[in-house]
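Chains, contacts and geometry: an overview
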Amino acid sequence: MTATLLHTDNWIQFDVHGLAEQFWNNTVDGLAQGGIYALIALGYTLVYGVLKLINFAHSEVFIVGAFATWLTYYALGFRAGTTPQLPVFELIGFLLVAGVVAMVASGAVAVLLERVAYKPLRDRNAPRLVFLITAIGASFAIQQTLKLIFGLNQQPQIRLVQPRAVFEIFGASVTNVYLILFVAAIVLWFVTDFFVNRTRLGRGIRAVAQDPDTATLMGVNKERVIIVTFLVGGLLAGAASLFYLMKIPQGAIYNGGFLLGIKAFTAAVLGGIGNLRGALVGGLLLGLVENYGQSLFGGEWKDIVAFVVLVVVLMFRPTGILGESLGKARV
Amino acid sequence: MSLRERWNALSRPAQWAVLLPVVALVYFLPVLDPPVIATTGTDFPTAMFDVARYALVAVGLNVVVGQAGLLDLGYVGFFAVGAYVTALFTSPSSSLHKLPFLWTLPLAMVVTMIFGVILGTPTLRLRGDYLAIVTLGFGEIIRLLADNVDPLRGQRGFERVGADNAGQPLFTHATQWYWLTVTIIIAVLLLVGNLERSRVGRAWVAIREDEDVAEIMGVPTYKFKIWAFVMGAAIGGLSGALYAGKLGFVNNQSFDVVTSMLFLAAVVLGGAGNKVGVLLGAAVVAYLPMRFVQIAKYNYLIFGLALIILMIFRPQGLLGARQHLLAYGRQAYQRLIGRGDQISGDSALAPEKTGGRS
Amino acid sequence: MTRREEDVPAEGGVVAEVARMTEEERERHEAEIAEVVAPDREIEVEIGQTLLEMRDVTLRFGGLTALDSVSFDLRRGEILGLIGPNGAGKTTCFNAMTGVYRPTSGRVLLAGRPLARLSRHRITQLGIARTFQNIRLFGEMTALENVVVGADARHRTSLLGALLRLPRHHREEREAVARAMALLEFVGIADRAADKAKNLPYGYQRRLEIARALATEPKLLCLDEPAAGFNPAEKEELMGLIRRIRSDGYTILLIEHDMRLVMGVTDRIVVLEFGRKIAEGRPAEISQDPAVIAAYLGVSDDDAA
């Protein structure tokens, strides 16, 4: 019972029945994917909240993390093709190591990006467009450096965790990968939220986001705040890359960041740019909507869903679902 | 810059006397095929055509980004629409009624202008960053549509685009395509120049400088932003149509976001807001990778680094010179202060200087 | 008018000519200028009649009441001063009158016509022009171009007309440039016509804003603290300019902190405090009004400078 739209032959469908069938699968998968989006979105949202800058190169920061993860696996002796049977503690240990390496790598690149590319522009009071161009240039530079180091093709997938169904919800199987991902995303989000809302450094971030000049007058070290903001965004992106590699079937691709980055940015905008809760809500929501759209319209339209959502949100509610706000104190 | 001042000091006829040989040189370049400039690996006339079509795109994008200050990151979308219009109406692979290639040029412009209106009307109420992201989104949507909408034939694409009923393309030699494009560029430059020296061009610069104040000074900002967008779209579509005709083949592979970024870089590199500067920028962006093929691997890396460095040390781009916004400006300045326009050049992106306090 | 050391004074053109003119010739020249600058639109309202009316205008931002039932009228041909201590709501009132803010309740009427729900550029076309407290010129444009943008507000050339250089485009361009040139001379900054606005000295920038506003051929000119940052000599010059503008046929609304300037140049004054009108009348009356004195505690900030 597939209803087809007129004039469109078979290139787009409207498969309500398929959606109904796949609903819980899509939900589970969507939430997992959404977790990844949320973690990357946090990076965009933090930087935008503090600097009013769309850090286009954040997607490349993420990909650096992915490659770092891959390199760690490789260095630890794992290879593509076979999934080793490891006792749980060892497995967790290896994952942690890879995770930390990825986070450090991404964090370092993020801070480097800020110091080398953005800070000189801030010092010169450059207009918005200039920051955008630099971000694009940085994006290219990082991407191509990765390509040159790792070669033109994607790196094959090294899998440490064998996806295994853990339990079922309404017929949809939830694998261990999904579980780890989702739980980790929520936990990391809580940690970030705690950091921004309850620590001194976090207060500094919120102060600079609200009013940089007054914050400086009140003794907040603006440069330090900016570095920390980029660092936190990078750390989160690094963590996201670890989970991302766990989830995707193919391996690390040097230009795989762009599409993912745009989607994560969409998630940030959807939830409310500059709003931490918004990043989480937006990320999860986007993951769900994407998957539902895939079932509804056909697999090849999955990517378009994200863009259509982006355009629609920006046109009708640019402040997002939860509204812009990094500066507002949490109630 | 004394060069700029000396140029402005020349009378109009003198300026033309300098320009004409330069223009003649530009036309004859592919015929001369000079050794140092010639590209290895790519047929030189074809390389020149590529530079020319980039230049045309740069002029169009300059109207949107450089003059009106609207951040458009999805410009490749208009380019794609133009190319596909030509493909749809000239290729045997398409099921639509066939038209002679030259007719598809104005048709492509009209269709892209319609797209420009559709795209611009809801989005031009947004400011700055948001506009940039929405246009990026639209560019990607168009690409994805090209991928997935069957009548557009995805990767298979359209063949023998631009051929007439007998299967003959309009021009057989790349040089002829180059000449056609250069002529079109000159015509477009003249028309855009007319716009610059009118209330339209002034309104655009006012919007770019301070949109709120522009509106309070009586500029219907929304209307003019749409016009900028639509004009830019038309020029982009025109370039796409020419590209389709020359290449003879259109599919979904050449309209990605990287191309949008390259277009933007051409504008920024040359000097956003300076229609001659962006020609230079386009030449750099299109020509250098073809000339220095040995470093082709490092193209985008060099490119990315160059952008970063340029934005720090010379954000106004190579030429960064100022536009003239008055149709009778020269006479007016002459009348008021005894000499024509004598200010040095700074573009929209130049670093801020402190204003003079007496 | 001070100049930077490295400036080369204009040697030719009108500016130099005027410097060489006799007294008589100069007066004639100025009269010609004033002719060009004068508002030539049919203004339905006669001199002395109400041009702009604020009727019970209330403006609330969330919980804050910025304007509370403010009513007064502005008569054609007068110079009305709007004063009050900081935070009194002068700028808010100003913005309500020029259409930047929409009143929560009450109406603003220009020549009997309500201004509600009009876009800002429509309001300018209806005849209200303004300057800004913190100068907002188009920095990259020359002084002349800035003024021409103002004159463009009256133009009807379309995109096509400009593209093809149709006759109307040519005519409007010539008229705009002529008017702009006259305006630059009128406010006294013609010698720097070709300089970028951001490079002009502060005093020139302030006067350029006024010229630009006048270029839109307004019925009402609103000046928002035009004397901020001026020394006493410059303030005297400004007062002269304001009087000349009024003599030329314009109506002026003035927000100012400097009491001497306000008392010296205005015909009537409206005093606001905490968003309410507390007094209205001629300068002499206002300076004696106990409520006004209380509001200000007799302190005039700029006079000490």
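**Overview of the overall build of chain A**
On a plain count of helices and strands, chain A comes out with 11 helices and four strands. A fraction of 78% describes how many contacts in chain A between residues 6 or more apart in sequence connect residues 24 or more apart.

**Topic: the overall build of chain B**
Helix and strand counts for chain B come out as 13 helices and zero strands. N-terminal to C-terminal, the α/β element order of chain B is α-α-α-α-α-α-α-α-α-α-α-α-α. Compactness check: chain B gives a C-alpha radius of gyration of 21 Å against a globular reference of 21 Å for 358 residues, within 12% of the reference. The proportion of buried residues among the 358 residues of chain B is 54%.

**Observations regarding the interface of chain B and chain A**
Chain B puts 35 residues into the contact, and the matching count from chain A is 37 residues. Where the side of chain B that touches chain A is concerned, the elements lending two or more residues are α5 (101-123), α6 (128-148), α10 (257-270) and α12 (299-313) of chain B. Per-class residue counts for the side of chain B that touches chain A are 25 nonpolar, five polar and five charged.

**Description of the environment of Gly293(A)**
On the secondary structure map, Gly293(A) appears in helix α10 (residues 276-297). A C-alpha to C-alpha distance of 36 Å links Gly293(A) and Val88(A), two positions 205 residues apart in sequence.

**Some remarks on the interface of chain B and chain C**
Counting residues at the interface gives 43 residues for chain B and 53 residues for chain C. No other element matches the 11 residues that helix α8 (residues 199-216) of chain B contributes to the side of chain B that touches chain C. Of the residues in the side of chain B that touches chain C, the class split is 22 nonpolar, 10 polar and 11 charged.

**Here's the deal with the packing of helix α1 (residues 16-51) of chain A against α10(A)**
Residue and element names in this part refer to chain A. Contact geometry for α1 and α10: axes closest at 5 Å, N-to-C directions at 145°. Of the two elements, α1 crosses α10, and the hand of that crossing is right-handed. By residue class, the composition of the contact of α1 with α10 is 15 nonpolar, 15 polar and two charged.

**Digging into the arrangement of the chains**
Most contacts, compared over the two pairs of chains touching, are made between chains B and C. When C-alpha atoms are compared, chain A and chain C, though not in contact, are closest at a spacing of 14 Å.

**Some details on the pairing of strand β7 (residues 220-224) of chain C**
Residues and elements named next belong to chain C. Of all five residues that make up β7, five are buried, and the element is covered over most of its length. What you see with β7 is no split at all: Leu220, Cys222 and Asp224 on one side and Leu221 and Leu223 on the other are buried throughout. Relative to β7, strand β6 (residues 128-130) runs parallel, the two sharing three bridges. Its bridge partner being in β7, Ile128 is matched across the sheet by Leu220. Relative to strand β8 (residues 251-255), β7 is paired through five bridges, and the arrangement is parallel. For Cys222, the partnering residue across the bridge sits in β8 and is Leu253. Following the chain from β7 across helix α9 (residues 232-247) to the adjacent parallel β8, one finds a crossover that is right-handed.

**Notes on the confidence of the model for chain A**
All names here are of chain A. Residue-level pLDDT values for chain A average 82, and 89% of them are 70 or greater. Across residues 1-7, where pLDDT falls below 50, the model places 10 contacts with residues more than four positions away in sequence or in other chains. Of the regions scoring below 50 in pLDDT, residues 327-331 engages in four contacts with residues more than four places distant in sequence or in other chains.

**So, the sheet that holds strand β1 (residues 50-61) of chain C**
Within a sheet, adjacent strands bond to each other through the backbone by hydrogen bonds, running parallel or antiparallel. Residues and elements named next belong to chain C. Reading across from one edge, β2-β1-β4-β5 is the order of the four strands in this open sheet, with antiparallel pairing throughout. Of all strands in the sheet, those with a lone pairing partner are β2 (64-75) and β5 (113-114), marking the two edges. Relative to β5, strand β4 (residues 105-110) runs antiparallel, the two sharing two bridges. Of the residues in β5, the one forming a bridge with Leu109 is Pro114.

**Quick look at the nonpolar core**
The biggest cluster of nonpolar side chains holds 314 residues, and the ones touching the most others in it are Ala58(B) and Leu184(C). Both domains that meet at this core, namely domain 1 (15-44 + 139-216) and domain 2 (54-127 + 218-305) of chain C, each give it at least three residues. The residues contacting Ala58(B), other than those within four sequence positions of it, are Phe263(B), Ala266(B), Val267(B), Gly270(B), Val278(B), Leu279(B), Gly281(B) and Ala282(B).

**Focus on the pairing of β4(C)**
Alignment of β1(C) against β4(C), held across five bridges, turns out to be antiparallel. Across the sheet, residue Thr58(C) finds its bridge partner in β4(C), namely Ser105(C).

**Some remarks on helix α4 (residues 128-150) of chain A**
Under the 1.5 Å per step criterion, the end-to-end length of α4(A) is 33 Å for 23 residues, consistent within 8% with the ideal 33 Å. The buried count for α4(A) comes to 17 of 23 residues, which makes it a mostly enclosed element.

**Side note on the packing of helix α5 (residues 143-152) of chain C against helix α7 (residues 167-187) of chain C**
All names here are of chain C. Where α5 meets α7, the axes come as close as 9 Å, and the angle between the chain directions of the two elements is 120°. Relative to α7, the element α5 is oriented oblique. Crossing angle aside, the handedness with which α5 passes α7 is right-handed. Across from Ala143, Leu144, Val147, Val148, Ala151 and Asp152 in α5, the residues of α7 making contact are Ala176, Val177, Arg179, Ala180, Leu183 and Leu184. Taken together, the residues of the contact of α5 with α7 sort by class into 10 nonpolar, no polar and two charged.

**Considering unusual backbone geometry**
Residues and elements named next belong to chain A. A positive phi is found at Lys52, a non-glycine position, where the angle reads about 55°. If you check the backbone angles, Asn125 has positive phi at about 55° while not being a glycine. Residue classification places Asn125 among the exposed residues on the basis of 9 C-beta atoms within 10 Å.

**Details of the sheet that holds β6(C)**
Residues and elements named next belong to chain C. Sheet architecture is open: six strands sit in the order β6-β7-β8-β3-β9-β10, paired in mixed fashion. The two strands at the open ends of the sheet, each matched to only one other strand, are β6 and β10 (276-281). If you compare each strand with its neighbour and ignore which way they point, the axes differ by 20° on average. The strands touched by α9 within the sheet are β3 (79-83), β7 and β8, with β8 carrying the most contacts at an inclination of about 150°.

**Quick notes on α9(C)**
Residue and element names in this part refer to chain C. Relative to the 22 Å expected for 16 residues at 1.5 Å per residue, α9 spans 23 Å between its end C-alpha atoms, a close match to the ideal helical length. Restricting attention to buried positions, one finds in α9 the residues Lys235, Leu238, Ile242 and Ile245. Along the long axis of α9, the arc covered by the buried residues comes to 75°, so they all point the same way. Exposed residues pointing more than 90 degrees away from the buried face of α9 are listed as Ala233, Gly240 and Ser247.

**Digging into the environment of Ala215(C)**
Residues and elements named next belong to chain C. Relative to the elements of secondary structure, Ala215 occurs in helix α8 (residues 202-215). On the basis of neighbour count, Ala215 is assigned to the buried category, with 27 C-beta atoms found within 10 Å. Sequence spacing of Ala215 and Thr251 is 36 residues, and the spatial spacing of their C-alpha atoms is 14 Å.

Calculation criteria
Residues numbered from 1 in each chain as written. Chains lettered and ligands numbered in written order. Predicted model: local features only at pLDDT ≥ 70, side-chain atom pairs only at ≥ 80, totals over all residues. Helix = DSSP H or I, 4+ residues; strand = E, 2+ residues; numbered from the N terminus. Contact = placed C-beta atoms within 7 Å. Rg over C-alpha atoms; globule rule 2.2 N^0.38 Å. Buried ≥ 20, exposed ≤ 12 C-beta atoms within 10 Å, placed from the backbone. Nonpolar A, V, L, I, M, F, W, Y, C, P; charged D, E, K, R; others polar. Axes fitted to C-alpha atoms, helices over the stretch in contact; angles between N-to-C directions. Left-handed = near helix turned anticlockwise from the far one by under 90°. Pairing = 2+ DSSP bridges. Right-handed = clockwise from strand over helix to strand, strands pointing away. pLDDT = per-residue confidence, 0-100. Core = buried A, V, L, I, M, F, W, Y, C linked by C-beta atoms within 7 Å. Domains from an automatic or database assignment. Expected span 1.5 Å × (residues − 1). Parallel < 35°, antiparallel > 145°, perpendicular 65-115°, else oblique. Arc of directions from axis to C-beta.

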